[in-house]
Every structure is written in C-alpha cells, then in structure tokens.
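Chain by chain, the residues run as shown.
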Amino acid sequence: MNGLSKLIDSLEIKFFKLSHKLVQLENKNEELITKIKESETIQKKQLVEIENLKEEIANLKMVNSLLGSEENKRETKLKINSLIREIDYCIAQLSD
C-alpha cells in the first residue's frame, strides 16, 4: 500500500505542476496574441503612412517640376497629358 500511496502522491504532484505550467502557457499565449494584434495595428498604420508619404513625394515632384526643375519635367508632362485625356474622356461622356 505504501508504494501505491507514493505513486498517487507523485502523480498528484506531477498533475499540479502540469496544471500550473498549463496556466502559465495560456497566460503567455494570451500575452503573445495581444502583442501580435498590437503589431498588426501598428503595421497597418505604417502602411497607410507610407502610402500617404509616397503620394506626397509624387505631388512634391510635380510641384517642383512646375516650378521649373528639369529633373521631373517629363513625369509632370506625362501626368498633365494623362489628366487632359481623362478630362477629354469625361467631356465626351457628357456630350453623349
């Protein structure tokens, strides 16, 4: 009987250790999930900011070209021609 009692005590100790470890791992998992969600939110904000900055760079290049800079003159002319084509298309649609 003594051997069986020791075995049961040993199993209880192992069970409580495993139970405690499970709780620790569940807490760590929740913590990591929260960090992942925060990181995803930050990443989305950064992607939006990157797109806004790219747009701002394109606008600044165009303004710089319109002010006389030779660097982006070709791009500006292409953009203006594209805008003119879009306007002509809209006018044609309105005329129909």
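Notes on the structure in this doc start here.

The rules behind these values
- Per-chain numbering applies: the sequence of each chain, read as written, is numbered from 1 onward.
- Two thresholds apply to this predicted model, a pLDDT of at least 70 for residue-level local features and 80 or more for giving and counting side-chain atom pairs, whereas whole-chain, interface and lining totals are computed over all residues.
- Derived side-chain values reflect all non-hydrogen atoms in the structure, with water molecules and hydrogen atoms excluded from consideration.
- The way it works is that DSSP assigns letters per residue, a run of H or I at least four long becomes a helix, a run of E at least two long becomes a strand, and they are numbered from the N terminus.
- The size measure is the radius of gyration over C-alpha atoms, and the globule rule it meets is 2.2 Å times the number of residues to the 0.38 power.
- Each residue's exposure class comes from its accessible area (1.4 Å probe, protein chains only) as a fraction of the maximum for that residue type: buried when under 20%, exposed when over 50%, partly exposed otherwise.
- Note on areas: Shrake-Rupley, 1.4 Å probe, and residue coverage restricted to the protein chains presented here.
- Lys and Arg are tallied as positive, Asp and Glu as negative. Neither His nor the chain termini are counted.
- Note that the charge is assigned to NZ on lysines, CZ on arginines, CG on aspartates and CD on glutamates.
- In this scheme Phe, Tyr and Trp rings, the latter by its six-membered ring, pair at centre separations within 6.5 Å, and the angle between planes marks the pair as stacked below 30 degrees, edge-to-face above 60, and tilted otherwise.
- Every angle, taken between N-to-C directions, lies between 0 and 180 degrees, and every axis is a line fitted to C-alpha atoms, over only the stretch in contact when it is a helix.
- Each angle gets one of four labels, with under 35 degrees taken as roughly parallel, over 145 as roughly antiparallel, 65 to 115 as roughly perpendicular, and the rest as oblique.
- Should any heavy atoms of two residues lie within 4.5 Å, those residues are counted as being in contact.
- Note that Gly is not counted as nonpolar here; it falls among the polar residues with everything else outside the nonpolar set of Ala, Val, Leu, Ile, Met, Phe, Trp, Tyr, Cys and Pro and the charged set of Asp, Glu, Lys and Arg.
- Residues enter patches when they are more than 30% accessible in relative terms and free of salt bridges; like-charged ones are connected within 9 Å and nonpolar ones (Val, Leu, Ile, Met, Phe, Trp, Tyr) within 5 Å.
- Whenever a carboxyl oxygen of Asp or Glu lies within 4 Å of a side-chain nitrogen of Lys or Arg, that contact is scored as a salt bridge.

1. Comments concerning the overall build of the chain
Phase 1 of the analysis: When helices and strands are counted, the chain shows two helices and zero strands.
Phase 2 of the analysis: In terms of overall dimensions, the chain is more spread out than a globule: its C-alpha atoms have a radius of gyration of 33 Å, far above the 12 Å expected for 96 residues.
Phase 3 of the analysis: Each principal axis of the C-alpha distribution contributes one length, and for the chain these read about 100 × 40 × 15 Å.
Phase 4 of the analysis: Scored against the burial criterion, the 96 residues of the chain give a buried share of 4%.
Phase 5 of the analysis: Entry remark: accessible area of the chain is about 9000 Å², with carbon and sulfur atoms responsible for 61%.
Phase 6 of the analysis: Both charge centroids of the chain, one from 16 positive and one from 17 negative side chains, sit 7 Å from each other.

2. Quick word on the packing of aromatic side chains
Phase 1 of the analysis: Under the definition given, this model contains one aromatic pair.
Phase 2 of the analysis: With centroids separated by 5.7 Å and ring planes inclined at 65°, the aromatic side chains of Phe15 and Phe16 adopt a geometry described as edge-to-face.
Phase 3 of the analysis: Classification of Phe16 by relative accessible area gives exposed; the value is 55%.

3. Considering the environment of Ile50
Phase 1 of the analysis: Relative to the assigned elements, Ile50 resides in helix α1 (residues 2-66).
Phase 2 of the analysis: The class for Ile50 is partly exposed, based on a relative accessible area of 41%.

4. Some points on the packing of α1 against helix α2 (residues 73-95)
The geometry of a pair of packed helices is captured by two quantities: the angle between their axes and the separation between those axes.
Phase 1 of the analysis: Across the interface, α1 lies against α2 with an axial gap of 9 Å and an inter-helix angle of 105°. One way to sum up the angle between α1 and α2 is to call them roughly perpendicular. Touching Lys61, Met62, Ser65 and Leu66 of α1 are Lys73, Glu75, Thr76, Lys79 and Ile80, all from α2.
Phase 2 of the analysis: Residue composition of the contact of α1 with α2, by class: three nonpolar, two polar and four charged.

5. Here we look at a nonpolar patch on the surface
Phase 1 of the analysis: On the surface, Leu4, Leu7, Ile8 and Leu11 cluster together into a nonpolar patch covering about 370 Å² of accessible area.
Phase 2 of the analysis: Within the secondary structure, Leu11 sits in helix α1.

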